[in-house]
Amino acid sequence: MQRSKNLILAGLSIAAIGIMPLTLYALDVRVGETVTHTTETPAQNNAYLVGSKVLVHAPLAADGIALGGTVEVTGPIADAFYAMGGTVTVANAIGEDARIIAGDVSISGAISGEALIMGGLVKVASSSVIGRGAYIVGDRVEIAGTITGPVTVRARSVEISGTINGTLVAYVDYGFTVTDRARINGQATYHAGSEGVISKGATLQTPITFVQSHTPGTVSDFRFVREMLAGMFLTLQFMSILATALLITWLFPHFATRTARYAIYNGGKSIGAGIIATVGGFFIALLMVASIVLILPGIAFFAFGIAYLFVAKCLAGVLAGALIAQWWKGVPNITVGFTLLGTIAITIIGFVPIIGPIAGILLFFATAGSLAIAMRELWWKRRSLPVPSSNK
């Protein structure tokens, strides 16, 4: 039994060690109207830059994540680059993959890995070199640079005037053009409603194959976009939940302890209260908004409910950590370390079919109920949440 405990704790510790650099130490977050990166970051720090204008003028030694109306990269990025914005310009080297969603995208630097790009106007300039292929969706796509690896393009119009060292597959609504400066060293196929313009001066390893198709190129497959957005959302969700859970444990240890222990010693009561508070609160907010007269209080109540549910979700990690501590030490201690292990544990267990979702729902309702009872005791009855002893 002791050995199995050691193995499980070792596994959770390894998971914690693997995720901690991403979520805590490798986190450099900057938010503002104009966010300018002008000094080189330490090698372990990923940079998260959010603003109306995001300017990267100095080297980033790890990953770069940028969200803004205008995103400009003139300094090199050692690892991967993720960006969403109105206009995204990459004018320096990216050490790994690039994932970009924007209104207009301009690439004039080198990308060592794969490029996944979605935009209105997408330009790959003649100075650009992409090392491991590209998947591009846009309204108009212009490729004048060099891409090594498989290239897939879906757009209303495509112009190739650069070099492609690999296969090319294009799905085009209209206007497929290959200029006399183009060089395609691989098999090329384009699907369109009518034949495009292939210059006789273009250098082609094999003749380009035309496949007549009436399926619009821009709407036939957005799977990679969905996957990209889902991955970014899940990563940010996990990071925010973990950071909030750790902050609650660190800043409000007595509150975290009382809430988690109450849920442990009064599991059925907490789960029932959580279901009532969650479902009942939703319908109350819905009725208030529907009544028109109480629409503003209803919106405020709804916003409060979202914050309440988020805190309850974060406290589920605290509760899971307390359960691990009780199993391991016999006492449900609430510490930053056990909160970290608990949050990672319920995240991993969540991927287990059937058991994972059920465990997650029960933990969530337990913490939601304990939190609701704590708020009632504190705000209504002006007293602390009662916590039975462990001998009960």
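Provided above is the structure to which this section pertains.
First, a word on what this report is: a plain description of the structure on this page. Keep in mind that this is a model prediction, so the values were computed, not measured.

### What about the environment of threonine 87?
In this fold, threonine 87 is placed in strand β4 (residues 81-90). Counting along the chain gives 19 residues from threonine 87 to glycine 68, while the straight-line C-alpha distance between them is 8.3 Å. Excluding residues within four positions of it along the chain, threonine 87 makes contact with Gly69, Thr70, Val71 and Asp104.

### With respect to helix α6 (residues 336-349)
In an α-helix, one turn spans 3.6 residues, which is why side chains three or four residues apart end up on the same side. Along its 14 residues, α6 runs 20 Å from first to last C-alpha, staying within 8% of the 20 Å computed at 1.5 Å per residue. Looking only at α6, the buried set comprises Phe338, Thr339, Leu340, Leu341, Gly342, Thr343, Ile344 and Ala345.

### Quick notes on the pairing of strand β13 (residues 168-172)
The alternating pattern of β13 places Leu168, Ala170 and Val172 on a buried face, while none of Val169 and Tyr171, on the opposite face, is buried. Here four bridges tie β13 to strand β16 (residues 188-192), and the two strands are oriented parallel to one another. Along β16, the bridge assignment pairs alanine 170 with tyrosine 190.

### Looking at the packing of aromatic side chains
According to the stated counting rule, one finds five aromatic pairs in the structure shown. Seen from their ring centres, phenylalanine 176 and tyrosine 190 are 4.2 Å apart, and the 15° between their planes marks the pair as stacked. Taken as a pair, phenylalanine 176 in strand β14 (residues 176-178) and tyrosine 190 in strand β16 lie far apart in primary sequence, 14 residues in all. Given the relative accessible area of 2%, phenylalanine 176 is considered buried. Measuring from ring centre to ring centre gives 5.1 Å for tyrosine 190 and phenylalanine 210, while their planes differ by 40°; the resulting arrangement is tilted. Taken together, the residues tyrosine 190 in strand β16 and phenylalanine 210 in strand β19 (residues 209-212) connect sequence positions 20 residues apart. Owing to a relative accessible area of 3%, tyrosine 190 belongs among the buried residues under this scheme.

Here is what the cut-offs are and how they apply
- Residues numbered from 1 in each chain as written.
- Predicted model: local features only at pLDDT ≥ 70, side-chain atom pairs only at ≥ 80, totals over all residues.
- Heavy atoms only, no water.
- Helix = DSSP H or I, 4+ residues; strand = E, 2+ residues; numbered from the N terminus.
- Contact = heavy atoms within 4.5 Å.
- Expected span 1.5 Å × (residues − 1).
- Buried < 20%, exposed > 50% of the residue type's maximum accessible area, 1.4 Å probe, protein only.
- Pairing = 2+ DSSP bridges.
- Phe/Tyr/Trp six-rings, centres within 6.5 Å; stacked < 30°, edge-to-face > 60°.

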